[in-house]
Amino acid sequence: MKRLIAFALAIVFLFSLASCNTENIDENNTSAEPPDTSYQVITKINHYVVEPDDKLHMDDTDTALYQALMDAMLSQKDSITLSENTEKNVYLLDLLMQSPYYFFVKSHVINDGTVSFTYAYSKDEQNDMLTFIDNEFLDIVNTHATKDDNLLDRILNVYGAVARKMVYDHGRTKDMDLDSPLFHYPADEIYKALKTEKSVCYGFAYTLRFALLQLGVDCFCVYGPCRDQGESHMWNIFKYNDKFYTCDPAWDRSEGDYAQLTHFGKTDAEREADSLVRSGFSSTFFTEYGDIACTDKTFKIFRNIDRYSFVSTHNYFLEDFDHNEYIFNTQTMELE
């Protein structure tokens, strides 16, 4: 009732604001109509997903070898014979170390074309953790799922689920140095974040990346120093409607049924205004994918949104920092 009254009182304002937002979208050569996709509920987690650049870099043989390597680890095989090319085996192991599951491994050794593992947990313990991780991600990727969802619905629902999933662990500032291995490999961070429901920036970013990759959405983790805070930070870049946008589930974290959209869909310039310096991410870093620039301003309308939540398919309740309330529609890309 409160929301309906607010709408009735502000209808003229919302109409003019929506028209202004539509003009902004057109100015940036962005179609107001999202890609037409239908949602299929995911019943099984794909353990083999990798960042988009790696996917482009891999041929069919690489893909098959990586899947065999992952299967060997998940079934706790002592060893597996891969390629005669040691450099390729090192690359495949590096991909494995970027997955949410590599922490099952205590150590590995490459000897010619054979990779040998020793494991950190018993087979039963590992299977229990594997089941837990997969079930948690199934919950995340199927959040508010309906068959009528479009791609933006899927992204917003997953983004909110990750931002709400955990609280920020402010006691871990010692882990926020770019020299920390956790800025390069997740180790057991994803598992601990899901289990304890608390983490720092890379726990949020790694979790979002793996979840969006499950949906077929290109998503990267990026990192760099945050000048204002005197420590480092990790956030994400995702691809939507053939354009790239930054987002930051750690900084948009919330409790209860809400998350923020303040940092969703930001441009590179807006991230720089946040005192973030993107490092380890340039035209030479992604050798196959190419340089990625986030310049589109489609989601600028979210900059002042303090809370958002799913209402119904294509419709999201938004509240700004001044406690004004709106409904955003992912089909029209307007405030209604």
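Everything below is about the structure printed above this text.
Residues numbered from 1 in each chain as written. Predicted model: local features only at pLDDT ≥ 70, side-chain atom pairs only at ≥ 80, totals over all residues. Heavy atoms only, no water.

**Describing the overall build of the chain**
For the chain, the helix and strand inventory stands at 10 helices and 12 strands. Put simply, of all contacts in the chain between residues at least 6 apart along the chain, 65% involve residues at least 24 apart. A total accessible area of about 15,300 Å² is found for the chain, and carbon and sulfur atoms account for 49% of it. (Helix = DSSP H or I, 4+ residues; strand = E, 2+ residues; numbered from the N terminus. Contact = heavy atoms within 4.5 Å. Areas by Shrake-Rupley, 256 points an atom, 1.4 Å probe, with all protein chains shown as cover.)

**Brief notes about the packing of aromatic side chains**
Going through the model one piece at a time under the given rule, you end up with 23 aromatic pairs. An angle of 75° between the planes, with centres 5.2 Å apart, marks the rings of phenylalanine 264 and phenylalanine 299 as edge-to-face. In this pair, phenylalanine 264 sits in the loop between strand E8 (243–247) and helix H10 (268–273) while phenylalanine 299 sits in the loop between H10 and strand E9 (305–312), placing the two residues 35 residues apart along the sequence. Given a relative accessible area of 0%, phenylalanine 299 falls into the buried group. In this structure an aromatic cluster arises from ring pairing among Tyr101, Phe103, Phe104, Tyr121, Phe132, Phe137, Tyr191 and Phe210. Directly above the ring of tryptophan 235 sits arginine 271, whose terminal nitrogen or CZ lies 5.5 Å from the centroid. (Phe/Tyr/Trp six-rings, centres within 6.5 Å; stacked < 30°, edge-to-face > 60°. Buried < 20%, exposed > 50% of the residue type's maximum accessible area, 1.4 Å probe, protein only. Lys NZ or Arg CZ within 6 Å of the ring centre and 35° of its normal.)

**Overview of the state of the cysteines**
In the structure shown here, the tally under the stated rule is zero disulfides. Distance from the sulfur of cysteine 247, which forms no disulfide, to the nearest cysteine sulfur (cysteine 219) is 6.0 Å. On the basis of relative accessible area, cysteine 247 is assigned to the buried category, the value being 1%. Cysteine 294 takes part in no disulfide bond, and the closest cysteine sulfur, belonging to cysteine 247, lies 9.4 Å away. Judged by relative accessible area, cysteine 294 falls into the buried class, the value being 2%. (Disulfide = S-S within 2.5 Å.)

**Quick look at the packing of helix H6 (residues 123–141) against helix H8 (residues 189–196)**
Between H6 and H8, the least distance of the axes is 10 Å, while the angle of their chain directions is 70°. The angle between H6 and H8 falls in the class roughly perpendicular. As H6 packs across H8, the resulting crossing turns out to be left-handed. In contact with Met129, Phe132, Ile133, Glu136, Phe137 and Ile140 of H6, H8 contributes Ile190, Tyr191, Leu194 and Lys195. Residues belonging to the contact of H6 with H8 are distributed by class as follows: eight nonpolar, no polar and two charged. (Axes fitted to C-alpha atoms, helices over the stretch in contact; angles between N-to-C directions. Parallel < 35°, antiparallel > 145°, perpendicular 65-115°, else oblique. Left-handed = near helix turned anticlockwise from the far one by under 90°. Nonpolar A, V, L, I, M, F, W, Y, C, P; charged D, E, K, R; others polar.)

**Side note on the pairing of strand E10 (residues 315–320)**
Counting buried positions over the six residues of E10 gives six, a clear majority of the element. Every second residue of E10 is oriented toward a common face, with Asn315, Phe317 and Glu319 on one face and Tyr316, Leu318 and Asp320 on the other, all of them buried. Bridge analysis of E9 against E10 gives six bridges, and the strand direction is antiparallel. Along E10, the bridge assignment pairs serine 309 with phenylalanine 317. Connecting E9 to the next strand, E10, in antiparallel fashion are two residues, including histidine 314 with a positive phi near 75°. Sheet topology note: the E10/strand E11 (residues 325–329) ladder contains five bridges and is antiparallel. Along E11, the bridge assignment pairs leucine 318 with tyrosine 326. (Pairing = 2+ DSSP bridges.)

**Focus: the sheet that holds E11**
In a beta sheet, neighbouring strands pair by backbone hydrogen bonds and run either parallel or antiparallel. Read from one edge to the other, the open sheet built from four strands follows the order E9-E10-E11-E12, with strand pairing classed as antiparallel. The outermost strands of the open sheet, each flanked by one partner alone, are E9 and strand E12 (334–335). Across the face of the sheet, helix H7 (residues 151–165) comes into contact with E9, E10 and E11 while running at roughly 120° to E9.

**Focus: the pairing of strand E3 (residues 114–119)**
Here E3 shows a buried face lined by Val115, Phe117 and Tyr119 and an unburied face lined by Thr114, Ser116 and Thr118. Sheet analysis places strand E1 (residues 79–81) next to E3, joined by three bridges and oriented antiparallel. Counterpart to serine 79 in the pairing with E3 is serine 116. In this sheet, E3 lies alongside strand E2 (residues 105–111) in antiparallel orientation, the contact comprising six bridges. Residue isoleucine 110 lies in a different strand from E3, and its bridge partner there is valine 115. Hairpin geometry of E2 and E3 is characterised by an intervening segment of two residues between the two adjacent antiparallel strands and by a positive phi of about 55° at aspartate 112.

**So, the nonpolar core**
With 100 residues, the main nonpolar core has Met73, Tyr101 and Phe264 as its most contacted residues. For this core, the element with the highest residue contribution is helix H9 (residues 201–214), accounting for 10 residues. If sequence neighbours within four positions are ignored, tyrosine 101 has contacts with Ile45, His47, Met70, Met73, Leu74, Leu130, Ile133, Asp134 and Phe210. (Core = buried A, V, L, I, M, F, W, Y, C linked by side-chain atoms within 4.5 Å.)

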